[in-house]
Amino acid sequence: MSQARGRGGTAAKPEYVKEAQNGDLPSPRFGHTTTFVGDNRVVLFGGATGDTGKYTITADAFMLNVANNTWSRIEAEGTMPFARAAHAAACVDHSQMVIYGGATGGGSLSSDELYLLDIRNEEHTQWMSVPVMGTTPGRRYGHTMIFNKPLLIVFGGNNGQQAECDIWILDVERSPFAWQEVSVIGKRGPLPRIYHSAEVCRDGPAAGMMVVFGGRTAENKSLKDTWGLRQHRDGRWDWVEAPTKRGPPPEPRFQHSCTFVDSKLLIIGGRGPEVSKPLPTAVYDTETCEWHNIASVQRFRHSSWGMGGLLFSYGGFDHKNPTFPTADLQAMDIEHAIAASLSGVSTEGEAGAPADDVTRTGSLGDAPATLDMMAPTYTGGRAPNGRPAETRPATPPRSRALAPAPAARVDLTPGDVKVSPQVYVSHEKDFTHLVEKVAIENLAEEGRKIHSANVMANIARSVGDDGVHNRCINALLQPTTWQPDANPNGFLLTAAEVSRLCDMTLEVLKSQEMILRLRAPIKVYGDIHGQFLDLMRLFARYKAPSDGENGDIDSMDYLFLGDFVDRGAFSLETVCLLFSLKVKYPNQIHLIRGNHEDPTINAIYGFRDECRRRLNEEPEDPESCWNKFNRAFEYLPVGAVIEDKILCLHGGIGGSVNSVAEVRALQRPLHVAQIPQTPMEQRITDLLWSDPSDNDSVPGVTPNETRDPDGTGRIVKFGPDRVEEFLEKNHPLSMIIRAHECVMDGFERFANGKLITVFSATDYCGHHKNAGALLFVRRDLTIVPKLIYPVERLGAMWDPQIIQQRPPTPPRPVPRARKLNDDEPGLEPW
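Remember, it's a predicted structure, so these values are computed and weren't measured experimentally. (Residues numbered from 1 in each chain as written. Predicted model: local features only at pLDDT ≥ 70, side-chain atom pairs only at ≥ 80, totals over all residues. Heavy atoms only, no water.)

Let's talk about the overall build of the chain
Part 1 of the reasoning: The helix and strand tally for the chain stands at 14 helices and 52 strands.
Part 2 of the reasoning: Among the 830 residues that make up the chain, the fraction classed as buried is 61%.
Part 3 of the reasoning: Looking at the chain as shown, the accessible area adds up to about 31,500 Å², and 49% of this sits on carbon and sulfur atoms. (Helix = DSSP H or I, 4+ residues; strand = E, 2+ residues; numbered from the N terminus. Buried < 20%, exposed > 50% of the residue type's maximum accessible area, 1.4 Å probe, protein only. Areas by Shrake-Rupley, 256 points an atom, 1.4 Å probe, with all protein chains shown as cover.)

Concerning the sheet that holds strand 30 (residues 290–294)
Part 1 of the reasoning: Read across the open sheet, the 4 strands follow the order 27-28-29-30; overall the sheet is antiparallel. The outermost strands of the open sheet, each flanked by one partner alone, are strand 27 (257–261) and strand 30. Each neighbouring strand pair of the sheet contributes to a mean axis angle of 25°, computed without reference to strand direction.
Part 2 of the reasoning: Helix 1 (residues 334–342) rests against strand 27, strand 28 (264–268), strand 29 (281–285) and strand 30 of the sheet, and its axis sits at about 110° to strand 30. (Pairing = 2+ DSSP bridges. Axes fitted to C-alpha atoms, helices over the stretch in contact; angles between N-to-C directions. Contact = heavy atoms within 4.5 Å.)

Things to note about the packing of aromatic side chains
Part 1 of the reasoning: All chains considered together, the criterion is met by 25 aromatic pairs.
Part 2 of the reasoning: Ring centres of Phe30 and Tyr55 lie 6.0 Å apart, and the angle between their planes is 85°; this geometry places the pair in the edge-to-face category. Remark: Tyr55 occurs in strand 8 (residues 54–57) and Phe30 occurs in the loop between strand 4 (22–23) and strand 5 (33–38); sequence separation between them is 25 residues.
Part 3 of the reasoning: An aromatic cluster is present here, built from Phe30, Tyr55, Phe300 and Phe317 joined pairwise through their rings. (Phe/Tyr/Trp six-rings, centres within 6.5 Å; stacked < 30°, edge-to-face > 60°.)

Describing the nonpolar core
Part 1 of the reasoning: Phe539, Phe560, Leu577 and Phe629 are the most contacted members of the largest nonpolar core, which totals 58 residues.
Part 2 of the reasoning: In terms of residue count, the dominant contributor to this core is helix 6 (residues 571–584) (8 residues).
Part 3 of the reasoning: Ignoring any residue separated from it by four or fewer positions in sequence, one finds Phe539 in contact with Leu477, Pro479, Tyr525, Ala544, Pro545, Asn550, Tyr558, Phe560 and Leu577.
Part 4 of the reasoning: Counting residues in each nonpolar core, the second largest holds 30 residues, with Val419, Val423, Ile646 and Val758 among its members. (Core = buried A, V, L, I, M, F, W, Y, C linked by side-chain atoms within 4.5 Å.)

Examining the layout of surface pockets
Part 1 of the reasoning: Considered as a void within the structure, the largest pocket measures approximately 1,200 Å³ in volume.
Part 2 of the reasoning: Residue lining of the largest pocket: 42 residues in total, with Pro205, Ala206, Met209, Arg230 and Lys543 positioned closest to the centre.
Part 3 of the reasoning: Looking at the lining of the largest pocket, the elements with two or more residues in it are strand 25 (222–231), strand 26 (237–241), strand 38 (432–439) and helix 5 (532–542).
Part 4 of the reasoning: Here the lining of the largest pocket takes 5 residues from strand 25, the largest share from any one element.
Part 5 of the reasoning: In terms of residue class, the lining of the largest pocket is built from 20 nonpolar, 9 polar and 13 charged. (1 Å grid on protein atoms, 1.4 Å probe; cavity = no way out; pocket = protein on both sides within 12 Å on 5 of 7 lines; lining within 4 Å. Points joined across faces, edges and corners; volume = space filled by probe spheres on them. Nonpolar A, V, L, I, M, F, W, Y, C, P; charged D, E, K, R; others polar.)

As for the pattern of salt bridges
Part 1 of the reasoning: What the rule picks out here adds up to 38 salt bridges.
Part 2 of the reasoning: Across the salt bridge formed by Glu290 and Arg246, the nearest N and O atoms sit 3.6 Å from each other. Highlighted residues: Glu290 in strand 30 and Arg246 in the loop between strand 26 and strand 27, separated in sequence by 44 residues.
Part 3 of the reasoning: Given the relative accessible area of 58%, Arg246 is considered exposed.
Part 4 of the reasoning: The structure contains a network of salt bridges with shared partners spanning Lys18, Arg299, Asp318 and Asp328. (Salt bridge = Lys/Arg side-chain N within 4 Å of Asp/Glu carboxyl O.)

Description of the environment of Asp694
Part 1 of the reasoning: Looking at where Asp694 falls in the secondary structure, it is placed in the loop between strand 45 (691–692) and strand 46 (701–703).
Part 2 of the reasoning: Considered as a pair, Asp694 and Lys717 are 23 residues apart in the sequence and their alpha carbons are 8.3 Å apart.

Points about the packing of helix 4 (residues 495–510) against helix 9 (residues 625–633)
Part 1 of the reasoning: Close contact between helix 4 and helix 9 brings their axes to 9 Å; oriented N to C, the two are set at 10°. The pairing of helix 4 with helix 9 is recorded here as roughly parallel in orientation. Residues Ala495, Val498, Ser499, Cys502, Asp503, Leu506 and Leu509 of helix 4 pack against Cys625, Lys628, Phe629, Arg631 and Ala632 of helix 9.
Part 2 of the reasoning: Residues that form the contact of helix 4 with helix 9 fall into these classes: 8 nonpolar, 1 polar and 3 charged. (Parallel < 35°, antiparallel > 145°, perpendicular 65-115°, else oblique.)

Quick look at the sheet that holds strand 20 (residues 151–158)
Part 1 of the reasoning: Spatial strand order, 18-22-21-20-19: 5 strands in an open sheet with mixed pairing. Every other strand in the sheet has two partners, leaving strand 18 (132–133) and strand 19 (144–148) as the edge strands with one partner each.
Part 2 of the reasoning: In the sheet, strand 21 (residues 163–171) pairs with strand 22 (residues 177–181) via 3 bridges, with the strands oriented antiparallel. Across the sheet, residue Trp168 finds its bridge partner in strand 22, namely Glu181.

Observations concerning the packing of helix 6 against helix 8 (residues 607–615)
Part 1 of the reasoning: The geometry of helix 6 relative to helix 8 is characterised by a closest axis approach of 10 Å and an angle of 90° between their N-to-C directions. Taken together, the axes of helix 6 and helix 8 are roughly perpendicular relative to one another. Side by side, helix 6 and helix 8 meet where Ser571, Leu572, Glu573 and Val575 of the first sit next to Phe607, Glu610, Cys611, Arg614 and Leu615 of the second.
Part 2 of the reasoning: Here the residues of the contact of helix 6 with helix 8 sort into 5 nonpolar, 1 polar and 3 charged.

Description of the side chain of His232
Part 1 of the reasoning: Along the polypeptide, His232 turns up in the loop between strand 25 and strand 26.
Part 2 of the reasoning: Within the local environment of His232, its side chain forms a polar contact with the side chain of Asp238, the two groups lying 3.1 Å apart.
Part 3 of the reasoning: For His232, the side chain forms a polar contact with the side chain of Asp554, separated by 3.1 Å.
Part 4 of the reasoning: With near-sequence residues (within four places) excluded, His232 lies in contact with Asp238 and Asp554. (Polar contact = N/O pair within 3.5 Å; in protein donor to acceptor, adjacent residues only side chain to side chain.)

Section: the confidence of the model for the chain
Segments scoring low in pLDDT should not have their predicted coordinates read at a detailed level.
Part 1 of the reasoning: Averaged over the chain, the pLDDT score is 83; the fraction of residues at 70 or greater is 81%.
Part 2 of the reasoning: Counting interchain partners and residues more than four positions distant, the pLDDT-below-50 stretch residues 429–433 has 14 contacts.
Part 3 of the reasoning: Scored below 50 in pLDDT, residues 814–830 shows 30 contacts in the model against residues more than four places distant or in partner chains. (pLDDT = per-residue confidence, 0-100.)

Regarding the pairing of strand 17 (residues 126–130)
Part 1 of the reasoning: Of all 5 residues in strand 17, 4 are buried, a share of seventy percent or more.
Part 2 of the reasoning: Inspection of the sheet shows strand 11 (residues 77–78) paired to strand 17 by 2 bridges, in the parallel sense. Across the sheet, residue Gly78 finds its bridge partner in strand 17, namely Trp127.
Part 3 of the reasoning: Alignment of strand 16 (residues 114–118) against strand 17, held across 5 bridges, turns out to be antiparallel. From the neighbouring strand, Asp118 faces strand 17, where its bridge partner is Gln126.

A short note on the environment of Tyr100
Part 1 of the reasoning: By secondary structure assignment, the location of Tyr100 is in strand 13 (residues 96–100).
Part 2 of the reasoning: It is 9.5 Å that separates the C-alpha atoms of Tyr100 and Pro81, two residues lying 19 residues apart in sequence.
Part 3 of the reasoning: A polar contact is formed between the side chain of Tyr100 and the backbone oxygen of Gly138, at a distance of 2.9 Å.

Here's the deal with unusual backbone geometry
Part 1 of the reasoning: Here the bond from Lys149 into Pro150 is cis, since omega is 0°, no more than 30 degrees from zero.
Part 2 of the reasoning: Position of Pro150 among the secondary structure elements: in the loop between strand 19 and strand 20.
Part 3 of the reasoning: Of note, the amide linkage connecting Arg668 to Pro669 takes the cis form, showing an omega dihedral of 0°.
Part 4 of the reasoning: Its location among the elements puts Pro669 in the loop between helix 10 (660–664) and helix 11 (679–689).
Part 5 of the reasoning: We note that Asp39 has phi near 55°; this positive angle belongs to a residue other than glycine.

Here's what the structure looks like:
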């Protein structure tokens, strides 16, 4: 059996493998760039050939097919860039690459023009100079440039006079193109530097950040610090230094390279004060904040890239002979090497040599398939330029000069959306708590479903002078200290103040669409049903929508999937807080309608009686708070789409909802017919009332006997085939998130993982001992469930009369393993 690609050395000491190459081979070089552009293809550009005493700067461009290691020279038409080295390059779209800056030799620097290479048609490749207006980052070398959709970001380098630590951005979706210098808040940040590395993290908690490592200062000091550059929803930028919880940080270095493999940052090669000393490949896990070392690539002034589970390095100088550059292509199975390191069998800290005596050919059949690249959306305000404008000649761009860019993602199912293999679980008594990460297979129901072999800101704050919403937030948004009013018939706001809050909320809702278009990261909450304490517990454990301590509103959106009221004893607290947050943060707090946001329903399930009792009003009065709440409910959106990939609803698609366009076309105020008579009325009923069938083996549209005991056929269940069909017809959607049903683990997957139910109220109505959950959708569209379990209740949390008269809808079928633990609520279910 042939050796797997990239697996040199031994199991105890994995090493890089020097690979055979063929075709039109590039000359040995250093100071070049290699850029992955999709379809197993990497573009090499520029660099210097010859030895360090007599080198030649080039403008060569080559393409490598990594599947068979075949090189071909790119003979492109158009405006070709001048020869350069120590420049920067980035891929901005499939088969499109841009370069900027660099040195031309003899102390001269390249121009400040931005060049694009278009190789979408390999028979007619083309260079072009991208027209840019105004001030540019200027001439520089030894800098970095990354692409984080829709921004090109240039950082640092040397302008010929000094090292820099400035940041420049260019929005490729905004024409005419213009560079803008970023003003960073805060006093902490990286020193000016040159020959550092930078890459965008696409996975994990640092997703969306540009991460910078190392480099050399103007005083020729090698650096070993790691910084993340992030943009907040209000348009502000700041630096955050990467924390280290375990493991020694890597040795100081410059003229190295870096790349990300999932959420792990790899620092590859480079040199320190001793040019002859090879440096190990350092791995930083952004999930655990741990450093550890794996084998050395023994190169500096080289280039590298990741592809599937493989890490590649090309060219550069060998520490053994740092006079003549190499043309070596080296590969390592990085997942294998990291696994060996984490298991303790690799020699951490040792700079293992690559297996130069092992030469391999092969295809990517030995490794994961080619990367399917999709970058997370980068939104937010723009920092002011801060420099006088300088007009440059503008010419019309050819074709699409710049467009969305790739990011390293592999085999995400469904589409680009996936569920994290771990969930966060909070164990507590009252408000003392512990949150820990638990392997998802340890949750009896969800582990079976996910791993089964046959699993088919901009912060826009209110500018009004009405303080009702702020007073409500200050009083109610107390995640760790909130306690019910000593008077069960009182409420902190008067009826007049509640009425005003409803009016303010209605005005906000009228300005928004029936289907919201939302961005990640975002937290998605299911039914709350007046169980306000559970909402506070979730905020306490997993951060709250505030800009104070333990708040994350500056970087996070919140989506609530309806059923705010009824059954629970604190519907007024729940809906007033959510309305107040909506008024204060209209573009970050998102509310959609549930079946209980309907006067016919909440008149009989508790909300109307709560308004009568606690606001001392007559609900039948047309201007009562209860009526005003319901008028606002009728303007709530009925759905939301996150990053064009995830559709969020309260109920489901039933048998009549076939497209997002149908839902978007619904008119407000939206009235819910108790007995649907028209296709539109049936569509509304399906959106708010329908459920998935009991399991994936029940297809089609079937009666919902639980919710429709009279057998009218108007409330239905929909099978996995309906979900598959709907997503296929509404590409690029690849998942549905909905609420509406109590599920024992707080969340539950359906239709081969293409639909998730989330429920946020624990021990629903005191009957079911279920967990509550929120779903955290990261920037990379990984969905992370975060759970809380029931705790002992010290007071009445539900309306006992309503519970007696109208028992809660039973949860979906209970997993057997969960039933065995029902006598120990709040304890670990594994």
